[in-house]
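So the chains spell out like this:
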Amino acid sequence: MSLEKCFGTVYVDRFTDGVLDPSKPMLGPVKDGGFIVANTAPGCWGPMITPELKGGHEVTVPVAVAGAEPGDAIAIRIKDVLVTSIATASGNDTTPDASRFKGDPYVAKQCPSCGAYHPKTVLEGIGQGAVRCASCGAEISPFAFTSGYTIVFDHERKLAVTLDKQGAEKVARDSQHYSAKPDHSIQNPILAFAPADLVGVATRMRPFLGQLGTTPSLPFPDSHNAGDFGAFLVGAPHEYAKTKEELSCRTDGHMDVNTVRAGAVLICPVKVPGGGVYVGDMHAFQGNGEIAGHTADVAGVVTLQVFVIKGLKIDGPILLPVEEDLPHLAKPLSCGEKHTLKSLAETWGVAKMEDDAPVCFIGTGASMNEAIDNGLGRASSLLDMPLPEVKNRATVAGAIEIGRAPGVVMVTFRCPVEKLERIGLMSFVRQQYTL
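Right, let's walk through the structure included here. (Residues numbered from 1 in each chain as written. Predicted model: local features only at pLDDT ≥ 70, side-chain atom pairs only at ≥ 80, totals over all residues. Heavy atoms only, no water.)

1. Let's talk about the pairing of strand β15 (residues 278-283)
Part 1 of the argument: Of all six residues in β15, six are buried, a share of seventy percent or more.
Part 2 of the argument: Strand direction decides the pairing type here: strand β12 (residues 208-213) and β15, joined by five bridges, are antiparallel. Within the sheet, the bridge partner assigned to Gln211 lies in β15 and is Gly280. (Buried < 20%, exposed > 50% of the residue type's maximum accessible area, 1.4 Å probe, protein only. Helix = DSSP H or I, 4+ residues; strand = E, 2+ residues; numbered from the N terminus. Pairing = 2+ DSSP bridges.)

This is how it looks when you write it as C-alpha cells:
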C-alpha cells in the first residue's frame, strides 16, 4: 500500500450489502493519523425488514489504513457523532413466519410466496404489512413488533419523546424524510411500520456507535461480527455458516456498547491488510444491555481519526472510554486521593504504591458467562497477567458491565502503567485521562 497515494481524509457515503467480505475492494487508503468522515445509515430495524440485505445492518464500505497489516492494531479516536435523523422507530421483535427466512431472519431472508432469495422489495402504504416482494407482491418482512414505538428528537438532538398513533402515522407517511436515510442506502425505513405502543415517554439522547471496527478475515454478516450473534452462524443452513473455530476470524465490531461515543478511543485488531475500518448502526441512546433487543437506530455523520499501532496483536477491541463513563472504581485517582493513599501506605509499611491507569477489554460470547470469560482471557493474554489477578483487579479497581445481552461485556480495571507501556498503549491512555 503506497503512502504516496493515501489520503488525509476519506469521505464515505456507500454501504455494504450486509456482509463484511475481506475479498471486496476497500476505500482509501487513509494515511496513518488521517480522518474518516462517514454518513451512516440506520442500523437494525431498517435492514431487518429489507430482505435484499444479507445482514442485520447496513454499515459503510470499509476504509483501508496505510501501513496496517495483520498482527497490528488500529486506534480509532471518535471525534464526532452527529444524529441527522428527525425520528426513528424501534421496539422488541418477533419472527411470526419462519417461511420468510432460512434459519436466520437477519441473514437469509426469502419470499414465502415466490421463493425469491434476498428479493428486492417495495413499500405499499404504512404499517407492519407494508414491505412487499417486488416480484410477486407478497408480504415479506421476517420481523414484526411485539411492542414498538415511534420517537422524535428535538432540534438540538438532546431530548426525545414517543408519539401516539396519529403522530406515528404522520411520520410513517414521510419516512424517507424523517429517517434522513442516506442517498445510497437501500433499506426500508422502519418508520413506515408506525408503531405506537409507548406514548409520551420522554428520554435523553446520547448518541454512540453500535458498529465500529475492522474487517474480519472471513466473510461475516455485519450484525454477526461478534461472539454472541456470531454463534448463530455455527452450523447455519445458509451460505454464511461457520464452524466454531472460524468464529475466531471475527473482529467484534458489532458491540452496541453505549460508551463507544464521541471522545472515546477504540483499539481494533487488524486481521486483513489495511484493516478495513467500517462504521454504522448509530444509536440515539441506549441503557446498558440493550435489553429490548433494539434501541433507537438513526442516520448520522461520524468523524474518526485513525492511528496504526505496529505489532500490537489483539484478538478483539480495547476501549478507552470518556473519563466520566468509566466505572467508579476504575476512574484515575485524583491528586488528593493519591496524597492520602501515600500516607496510608507509608503508615502500614508499603514502600511504593502502584502507578496505574484505566483500560477496558471488550469480551463477547454466546452467553454472558462466555463473554465475561472472553474479556478476562483477552486481558490476561495481552497483559501477560495471571487470570486470577485480572479477576481481582476487575473487582478491586474496576467492574464488569453489560454491553449487550446476550453476550457483550466490558471488563474495565486500572492496570499497571508498565504493562500498558510494554504493549504500546500508554501514549493513548495519557492523552485520554488526567493522570
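2. Side note on the pairing of strand β5 (residues 73-83)
Part 1 of the argument: Within β5, eight of the 11 residues are buried, which leaves it mostly tucked inside the rest of the structure.
Part 2 of the argument: Looking at chain direction, β5 and strand β14 (residues 265-269) are connected through five bridges and run antiparallel. What sits directly across from Ile76, in β14, is Leu266.
Part 3 of the argument: As paired elements, β5 and strand β16 (residues 300-309) share 10 bridges and run antiparallel to each other. Paired with Val81 across the two strands is Val302, which belongs to β16.

3. Some thoughts on the state of the cysteines
Part 1 of the argument: Evaluated as defined, the whole model comprises zero disulfides.
Part 2 of the argument: Looking at Cys44, it has no disulfide partner, and the nearest cysteine sulfur is the one in Cys268, 19 Å off.
Part 3 of the argument: Free of any disulfide, Cys133 has its nearest cysteine sulfur in Cys114, 3.8 Å distant.
Part 4 of the argument: Taking the relative accessible area as the measure of exposure, Cys133 reaches 2% and is therefore buried. (Disulfide = S-S within 2.5 Å.)

4. As for the pattern of salt bridges
Part 1 of the argument: If you walk through the whole model with that rule in mind, you get 23 salt bridges.
Part 2 of the argument: For Asp97, the salt bridge goes to Arg100, with nearest N and O atoms at 3.3 Å.
Part 3 of the argument: With a relative accessible area of 12%, Arg100 lands in the buried category.
Part 4 of the argument: With its nearest N and O atoms 2.8 Å apart, the salt bridge here joins Glu354 to Arg393. With Glu354 in the loop between α5 (335-347) and β18 (356-364) and Arg393 in helix α7 (residues 387-396), this residue pair connects regions lying 39 residues apart in the sequence. (Salt bridge = Lys/Arg side-chain N within 4 Å of Asp/Glu carboxyl O.)

5. Some remarks on a nonpolar patch on the surface
Part 1 of the argument: Together, Leu344, Trp348 and Val350 give the surface a local cluster of nonpolar side chains, amounting to about 360 Å² of exposed area.
Part 2 of the argument: Within the secondary structure, Val350 is located in the loop between α5 and β18. (Patch = residues over 30% accessible without salt bridge, like charges linked within 9 Å, V, L, I, M, F, W, Y side chains within 5 Å. Areas by Shrake-Rupley, 256 points an atom, 1.4 Å probe, with all protein chains shown as cover.)

6. Digging into α5
Part 1 of the argument: With 13 residues, α5 should reach 18 Å at 1.5 Å per residue; the first-to-last C-alpha distance of 19 Å fits that figure.
Part 2 of the argument: Phi turns positive, to about 80°, at Gly349, one or two residues after α5. (Expected span 1.5 Å × (residues − 1).)

7. Quick word on the environment of Val265
Part 1 of the argument: Checked against the element boundaries, Val265 lands in strand β14.
Part 2 of the argument: Since its relative accessible area comes to 1%, Val265 is described here as buried.
Part 3 of the argument: Separated by 85 residues in the primary sequence, Val265 and Ala180 have C-alpha atoms spaced 27 Å apart.
Part 4 of the argument: In this structure Val265 touches Ala75, Ile76, Arg77, Ile318, Leu319, Leu320 and Gln432, once residues within four positions along its chain are discounted. (Contact = heavy atoms within 4.5 Å.)

8. So, helix α2 (residues 165-172)
Part 1 of the argument: Of all the residues in α2, the buried ones are Gly167, Ala168, Val171 and Ala172. Buried residues of α2 fall within an arc of 140° about the axis and therefore sit on the same side. The exposed set on the far side of α2, more than 90 degrees from its buried face, consists of Lys165, Gln166 and Lys170.
Part 2 of the argument: Buried residues belonging to α2 abut β6 (87-94), β9 (144-153) and α3 (175-179). (Arc of directions from axis to C-beta.)

9. Topic: the packing of aromatic side chains
Part 1 of the argument: Per the stated rule, a full pass over the model turns up eight aromatic pairs.
Part 2 of the argument: Three or more aromatic residues link up through ring pairs in this structure, and these residues are Trp45, Tyr106, Phe143, Phe145, Phe193, Phe229 and Phe232.
Part 3 of the argument: Its guanidinium or amino end placed over the ring of Tyr117, Lys102 lies 4.2 Å from that ring's centre, counting from NZ or CZ.
Part 4 of the argument: Against the face of Phe220 rests Lys242, its NZ or CZ located 4.8 Å from the ring centre. (Phe/Tyr/Trp six-rings, centres within 6.5 Å; stacked < 30°, edge-to-face > 60°. Lys NZ or Arg CZ within 6 Å of the ring centre and 35° of its normal.)

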